Every structure is written in C-alpha cells, then in structure tokens.
Amino acid sequence: MTLVRELLRSLPAVSGDAPPFDQGTASDDPLELFAAWFTAAVELGVPEPHAATLATADADGRPSARVLFLKDVGPEGFAFATDARSAKAADLAANPQAALGFWWQQLVRQVRVAGAARYLGAEVSGVDYLARSPASRAAAAGVRPGEPLTSVDDLRAAMRDARGRIDADPGFVLPTWQAWLVVPQVVEFWQGSADRAHVRLVYRRTGDGWDHALVWP
Ligand SMILES: Cc1cc2nc3c(=O)[nH]c(=O)nc-3n(C[C@H](O)[C@H](O)[C@H](O)COP(=O)(O)O)c2cc1C
C-alpha cells in the first residue's frame, strides 16, 4: 500500500502537451468537434485513440465499466460491437442508458458521452463481423463470454476450432455478434491545461439540435 501510494504521488498528472482550444469558435455540432479531436489524436500518434470506456448499469442500477473499441461515429452517434451473450449486452437490454469515456493523454483531452444505446440490427452487425480479420472472427466465434473457463489451453483450442470453421465457410456470421449505437444526449469536451484552468465544454441535445456552454471544472 505504502509503495503504491508513494508511486502514485510521484507521478506527473495532466502532463501532456495541450493544444490551443478556442471554445468560442467550436462547432455547434459535438459530433463534428469529436471528429476534429479524434483526428488530432490520430495525427499526434496517441496510441489506440479509439479505445473507450463504456459504462452500463443493470436493471438494479449496478454499474459496470470496461474498455472497448469505437467502430464508427457519425451524426447518429457512437458505434461499438460486442457479443449478445456479454454482460454489457445484458445490461443494455435491461437498461439502455450508457456512457462512453475517451482519454487522450498526449493532448490532455477527455471526451465524455452519455445517452441511450440501441442495437443496430442483424444486417449492420453482420457487416461489422465480416469486416473483422479471420483471426478476430475466430476469437469471437470460439468464446462463451463470461462462462467459467478451466484453462487458457481450452480457449486456444476453441479458437482453433472456430478458425477451421471460418476458413471452411468465410461467409459465416456469428449470430450473437451485435453492433450497438450510443445516441448522445450529452457530450462533454474537457481540455486540460497546465495552469489547471481546465476547459469543460458541454453540449446538450435540444429538440432539433444542440446547445453548448462552459461549466466550471
Ligand atoms: C483495448 C481493448 C479493446 C476491447 N475491445 C472490445 C470490443 O470492441 N468489444 C468487446 O465486446 N470487448 C472488447 N474488449 C473486452 C472488454 O473490455 C470486456 O473484457 C469484454 O467485452 C467483456 O465485458 P462485459 O462482461 O462487461 O460485457 C476490449 C478490451 C480492451 C482492453
């Protein structure tokens, strides 16, 4: 405990290289601003900037968070893919409210998204599944999400079997593969600053558009 505590206190914080951010000229559309920030993160070489934390809650309100990859983003919202047998899919089936969090350290930028998630249907899910590499399709097809596993050797064997089936039938679509969309109601852009005057710009959906305003950090 003490060692970790000391380590924690020795670490730099908000130590990235914050680019200038003029919130006065920011787009009225948070999806456009997200695309601009995401592009900047890619161009700067932020490692795996498409990794986001997805928070869900079950029917009793018990929260759960895990990292996943963003698969698409556009005017409709933020898409990801997962297995229908996963805990997150069960949570969302019972309670569609979800949140996504991105942290791009080098830019001292965080983006937070909140809204309801909806399943995008079998066709979109199938297209997403088939766009994955054979190894990734086999990894998804070989598993039984959340079930007890006796050994990692069993997992490797199941993935090898699945790979054989996929090589024999390249058009196979895993029926439990699901693409989901988080439809944002609130999107917050957080630009950290070395002097701690961090900027929080919060967009809220109105009837047919978005309002945005600063809030105190
Ligand atoms: C970098 C990274 C990317 C991941 N991408 C995905 C993904 O796109 N979809 C997914 O279902 N799980 C992904 N995972 C695994 C999840 O974090 C999680 O372990 C798994 O989905 C089970 O979560 P659940 O039981 O809460 O549903 C990823 C994990 C990491 C660390």
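Residues numbered from 1 in each chain as written. Predicted model: local features only at pLDDT ≥ 70, side-chain atom pairs only at ≥ 80, totals over all residues. Heavy atoms only, no water.

- An unreviewed UniProt entry annotates the protein as Pyridoxal 5'-phosphate synthase originating from Cellulomonas dongxiuzhuiae.
- Word for word, the UniProt comment on the protein under Sequence similarities (unreviewed entry) is "Belongs to the pyridoxamine 5'-phosphate oxidase family."
- Recorded in UniProt under Cofactor (unreviewed entry), the annotation for the protein is "FMN". (UniProt positions renumbered as here; feature names shortened; annotations may be inferred.)

**Examining the site of the ligand**
Here is step 1: In the vicinity of the ligand, the residues found are Arg 66, Val 67, Leu 68, Phe 69, Ala 81, Thr 82, Ser 86, Ala 87 and Lys 88.
Here is step 2: Here an oxygen atom of the ligand sits 2.5 Å away from a polar atom, N or O, in the main chain of Val 67.
Here is step 3: One of the backbone nitrogen or oxygen atoms of Phe 69 is found 3.2 Å away from an oxygen atom of the ligand.
Here is step 4: Notes on the ligand: free accessible area 620 Å², of which the protein chains cover 59%.
Here is step 5: Broken down by secondary-structure element, the contributors of at least two residues to the shell around the ligand are strand E2 (63–74), strand E3 (77–83) and helix H3 (87–94).
Here is step 6: Here the residues of the shell around the ligand are counted per class, giving 5 nonpolar, 2 polar and 2 charged. (Near = heavy atom within 4 Å. Polar contact = N/O pair within 3.5 Å; in protein donor to acceptor, adjacent residues only side chain to side chain. Areas by Shrake-Rupley, 256 points an atom, 1.4 Å probe, with all protein chains shown as cover. Helix = DSSP H or I, 4+ residues; strand = E, 2+ residues; numbered from the N terminus. Nonpolar A, V, L, I, M, F, W, Y, C, P; charged D, E, K, R; others polar.)

**A word on the packing of aromatic side chains**
Here is step 1: According to the stated counting rule, one finds 13 aromatic pairs in the structure shown.
Here is step 2: Taking 6.0 Å as the distance between ring centres and 15° as the angle between the ring planes, the aromatic pair formed by Phe 34 and Phe 38 counts as stacked. You can see Phe 34 and its partner Phe 38 sitting in helix H2 (residues 30–43), 4 residues apart, about one turn around the helix.
Here is step 3: The interplanar angle of 45° and the centroid separation of 6.5 Å between the aromatic rings of Phe 78 and Phe 102 together place this pair among those described as tilted. With Phe 78 in strand E3 and Phe 102 in strand E4 (residues 97–104), the pair connects residues that are 24 residues apart, well separated along the chain. Judged on exposure class, the residue Phe 78 and its partner Phe 102 are both buried.
Here is step 4: Of the aromatic side chains, those joined through ring pairs into one cluster are Phe 34, Phe 38, Phe 78, Phe 102 and Trp 104.
Here is step 5: Cation over ring: Arg 109 sits above Trp 37, and NZ or CZ is 4.0 Å from the ring centre. (Phe/Tyr/Trp six-rings, centres within 6.5 Å; stacked < 30°, edge-to-face > 60°. Buried < 20%, exposed > 50% of the residue type's maximum accessible area, 1.4 Å probe, protein only. Lys NZ or Arg CZ within 6 Å of the ring centre and 35° of its normal.)

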